[in-house]
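# Observations on the three-dimensional arrangement
These are the residues of each chain, in order.
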Amino acid sequence: MKTILGIDLGTQSTKVVLYDFANKNIIAESSSKHDIISLDDGTKEQKVEWWIDALKNCINDISFNLKQTIVAIGVSGQQHGFVPLDKNNRVLHNVKLWCDTSTIAECNQITNSIGGEDKLLTEAGNLILPGYTASKVLWLKNNKPEIYKKLNTILLPHDYINFYLTGSKTMEYGDASGTGFLNIRKKEWSVSILKAIDPENNLLAKLPELINSEQPAGFLKENIAKDLGLPAGIPVSSGGGDNMMGAIGSGAVAEGILTMSLGTSGTLYGYSEKPIVNRNLAAFCSSTNGWLPLLCTMNCTVSLELTKNLFELDFHEIEKIVKKTTAGSNGLITLPFYNGERSPNLPNGKGCIMGLNMNNLNKGNILRSSMESAIMGMRFSLDFFKKEGFKPSEIRLTGGGSKSKIWRQITSDILNLPVVTPVIQEAAAFGAALQALWMLENLKRTSSIKRITDEHVKLDREKTHSPNLKCVKQYNNVYEDYLKYLNPLKVIFR
């Protein structure tokens, strides 16, 4: 038996899966939680030591005999984090994470230095947002100048795990496109944006080599192999960001297929053969040598979780109650902006329940509207994909919300698209394993990532849903009402 180790360095935990690719089964998996340093100013940071400890915990859960079957490793990682190294490869500062919002001033500083948002879209394809790496580099320069002077290498979280495993410093285009300083059209670093961050120092020299997605980042070092109980010298793939690996793990590697994650936040992304740039989209590259336009909502399952707690119900009870309600919640519409919102861009947004009247104010309508509201936000996002010429044909649904039969059907009806659910829900770790399999095959001969995902990504046919045309028509009207409530509130929430 031969296996591949897929690693997902997430925000809350590290997860690993051991994939037997001949028999197409995950034969072992484990997870280990991380702490987060969270401050009132929006700081969200972690220490790399926590990541390495979590990785060791996960791998130690796998038996020695199984570990000896591993022939390749793939790494997925939370996007946008900034890992600064000095000339001796020591980490200079805590890692500022994607969810760190303490760098808003730096975002504005870079945007103004480059000449405004339109210039950014022309130069790189993305705006400089607080989540992206660019503002974190400038934050270190502005706030920790003595540490910044020692900066020798800029890495992203998954790059650091690759470096730990192999000793090689590389980046691939998918994760690199989330830094804010990669020109996603040309797939090369933007010297102009790097100069806007630091006009005096050559930041380009501090960035590692960019490699293609099917290339190895390096090979497992002997001392690390001995420490982890793994075979030395096995290849480690280029890896990528968690969304890029999630696309592979759910099979979204060809045009038309969209992956949607219904988690605390919601994401929607799909493969494209050409760059797609829109100020409302994250214009990313894929980790399969293409592009991966993406949208993220900050409030997805949050709304239902809050109402569940309010009514003191479990999910089984919710399904029974919502099953008795009708599409559109009898005119009750939730705007679930409890955490502010990114799509639509309403950082000061608040949760609202609209359209209440004497007849619809009941538990069932409030619960159903909470579920519908998450998908209304996705439909708002999907309109931008369509505007740029993306032609969706199918939704691959992942995340906690995908476990709900009613929610899956609501998704299909609101988006008017078929919805299917992958059997393996750990899409990022699984995607990392499949990318590593792709790399492994390419070391011998040219191989196709689509062939690999077609062969290995299994879909749960019992969880397949087609649009109900009657409900589609009803939801078209509901969406119009959603926009009527949303548009005037934009002025307040900005």
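You'll find the structure just up there.
Residues numbered from 1 in each chain as written. Predicted model: local features only at pLDDT ≥ 70, side-chain atom pairs only at ≥ 80, totals over all residues. Heavy atoms only, no water.

### Considerations on the overall build of the chain
Here is the rule we go by: In this text, helices come from DSSP runs of H or I with a minimum length of four residues, and strands from runs of E with a minimum of two, each type numbered from the N-terminal end. Residue burial is assigned from relative accessible area. The probe radius is 1.4 Å, only protein chains are included, and a residue is buried under 20% of its type maximum, exposed over 50%, and partly exposed in between. For the area figures, the Shrake-Rupley method with a 1.4 Å probe applies, and any residue is considered shielded solely by the protein chains shown. His is not counted here, nor are the chain ends, while Lys and Arg score as positive and Asp and Glu score as negative. We put the charge of a Lys on NZ, of an Arg on CZ, of an Asp on CG and of a Glu on CD.
A tally of helices and strands in the chain yields 18 helices and 25 strands. With the principal axes as the frame, the chain shows a C-alpha extent of 70 × 55 × 40 Å. Taken across its 494 residues, the chain has 60% of its residues classed as buried. Entry remark: accessible area of the chain is about 20100 Å², with carbon and sulfur atoms responsible for 48%. Positive and negative side-chain charges in the chain, numbering 55 and 49 respectively, have mean positions lying 2 Å apart.

### Topic: the packing of aromatic side chains
To be explicit about the condition: Under the pairing criterion, centres of Phe, Tyr and Trp rings, with the six-membered ring standing for Trp, must be within 6.5 Å; the plane angle then separates stacked pairs below 30 degrees from edge-to-face pairs above 60, leaving the rest tilted. A positively charged side chain is recorded as over a ring if its NZ (Lys) or CZ (Arg) lies within 6 Å of the ring centre. The angle to the ring normal must also be within 35 degrees.
Taken as a whole, this structure holds seven aromatic pairs when the rule is applied. Ring centres of Tyr160 and Phe163 lie 6.3 Å apart, and the angle between their planes is 50°; this geometry places the pair in the tilted category. Remark: Phe163 and Tyr160 occur in helix H7 (residues 157–166); sequence separation between them is three residues, near one turn of the helix. What makes Phe163 buried here is its relative accessible area of 12%. Here Phe385 and Phe390 contribute two aromatic rings whose centre-to-centre distance is 5.5 Å and whose plane-to-plane angle is 80°, an arrangement assigned as edge-to-face. For the pair formed by Phe385 and Phe390, the shared burial category is buried. The aromatic ring of Trp139 is capped on one face by Lys96, whose charged end is 4.0 Å from the ring centroid. The aromatic ring of Trp291 is capped on one face by Lys187, whose charged end is 4.4 Å from the ring centroid.

### Quick word on the packing of helix H16 (residues 427–442) against helix H17 (residues 449–456)
Spelled out, the test is: As a rule, the C-alpha atoms of each element are fitted with a line to give its axis, helices using only the stretch in contact, and angles between N-to-C directions run from 0 to 180 degrees. Reported orientations rely on four angle classes, namely roughly parallel under 35 degrees, roughly antiparallel over 145, roughly perpendicular from 65 to 115, and oblique for the rest. The handedness criterion is simple: a crossing whose near helix is rotated anticlockwise from the far helix by less than a right angle is left-handed, and one whose near helix is rotated clockwise is right-handed. Any two residues whose heavy atoms approach within 4.5 Å are treated as being in contact. Think of it as three bins: nonpolar holds Ala, Val, Leu, Ile, Met, Phe, Trp, Tyr, Cys and Pro, charged holds Asp, Glu, Lys and Arg, and polar takes everything else, Gly as well.
Across the interface, H16 lies against H17 with an axial gap of 10 Å and an inter-helix angle of 130°. With respect to each other, H16 and H17 are oriented oblique. Two packed elements cross with a definite hand, and for H16 against H17 that hand is right-handed. Between H16, through Phe430, Leu434, Leu437, Trp438 and Glu441, and H17, the contact on the second element is made entirely by Ile449, Arg451, Ile452, Thr453 and His456. Residues belonging to the contact of H16 with H17 are distributed by class as follows: six nonpolar, two polar and two charged.

### Observations concerning the pattern of salt bridges
For clarity, the threshold we go by: In what follows, salt bridge is the name for a side-chain nitrogen of Lys or Arg lying within 4 Å of a carboxyl oxygen of Asp or Glu.
Counted according to the given criterion, the structure contains 15 salt bridges. In this structure, Glu455 engages Lys24 in a salt bridge whose closest nitrogen and oxygen atoms are separated by 3.5 Å. With Glu455 in helix H17 and Lys24 in the loop between strand S2 (13–20) and strand S3 (25–33), this residue pair connects regions lying 431 residues apart in the sequence. The exposure class assigned to Lys24 is partly exposed, which follows from its relative accessible area of 24%. In this structure, Arg451 engages Glu441 in a salt bridge whose closest nitrogen and oxygen atoms are separated by 2.3 Å. One end of the pair, Arg451, is in helix H17; the other, Glu441, is in helix H16, with 10 residues separating them in the sequence. A residue is classified by how much of its surface remains accessible, and Glu441, at 15% relative accessible area, is buried.

### Overview of the sheet that holds strand S17 (residues 257–262)
Our working definition: In this description, strands pair whenever DSSP reports at least two bridges between them.
In space, the seven strands of this open sheet follow the order S19-S20-S18-S17-S23-S24-S25, with mixed pairing throughout. Two strands close off the open sheet at either side, each with one partner strand: strand S19 (282–285) and strand S25 (459–465). Direction aside, neighbouring strands of the sheet carry axes that sit 25° apart on average.

### Looking at H17
Condition: Note that the arc is computed from the directions linking the helix axis to the C-beta atoms. Pairs of N or O atoms are called polar contacts if they sit within 3.5 Å, as long as, within protein, a hydrogen donor faces a hydrogen acceptor (for residues adjacent in sequence, only side-chain-to-side-chain pairs).
Here H17 has its buried residues at Ile449, Ile452, Thr453 and His456. The buried side chains of H17 occupy one side of the element, clustering within an arc of 95° when seen end-on. The N-terminus of H17 is capped by Ser448, whose side-chain oxygen sits 3.2 Å from the backbone nitrogen of Lys450.

### Brief notes about the sheet that holds strand S8 (residues 95–96)
The strand order across the open sheet formed by three strands is S4-S5-S8, and the pairing between neighbours is antiparallel. Either end of the sheet is taken by a strand with one partner, and the two such strands are strand S4 (37–38) and S8. Bridging between S4 and strand S5 (residues 44–46) involves two bridges; their strand directions are antiparallel. Each residue of the ladder has a partner; that of Ser38, found in S5, is Lys44. Its contacts with the sheet place helix H1 (residues 48–60) against S4, S5 and S8, and it is angled at close to 55° to S5.

### Some points on the side chain of Asp159
Checked against the element boundaries, Asp159 lands in helix H7. For the buried residue Asp159, which engages in no salt bridge, the nearest side chain bearing the opposite charge is Lys169, 12 Å off. Leave out the neighbours within four places in its chain, and Asp159 touches Thr170 and Met171.

### Side note on a nonpolar patch on the surface
For the record, the criterion: Patches here: salt-bridge-free residues with over 30% relative accessible area, like charges joined within 9 Å, nonpolar side chains (Val, Leu, Ile, Met, Phe, Trp, Tyr) joined within 5 Å.
A surface patch of nonpolar side chains, amounting to about 430 Å² of accessible area, comprises Leu306, Tyr338, Ile353, Leu356 and Leu361. With respect to the helices and strands, Tyr338 occurs in the loop between strand S21 (333–336) and strand S22 (351–354).

### A word on the pairing of S19
Alternating positions in S19 separate into two faces, Ala282 and Phe284 on one and Ala283 and Cys285 on the other, with burial throughout. Of the strand pairs in this sheet, S19 and strand S20 (residues 291–297) are connected by four bridges, and their pairing is antiparallel. Across the sheet, Ala283 pairs through a bridge with Pro293, a residue of S20. Adjacent in sequence and paired antiparallel, S19 and S20 are bridged by five residues, among which Asn289 carries a positive phi angle near 75°.

### Things to note about the pairing of S20
Burial of S20 is extensive: seven of the seven residues sit out of reach of the surface. Side-chain alternation along S20 places Trp291, Pro293, Leu295 and Thr297 on one buried face and Leu292, Leu294 and Cys296 on a second face that is also buried. Of the strand pairs in this sheet, strand S18 (residues 266–270) and S20 are connected by four bridges, and their pairing is antiparallel. Pairing of Thr267 across the sheet is with Cys296, part of S20.

Note that every value here comes from positions in space, so none of it alone points to a role or purpose.
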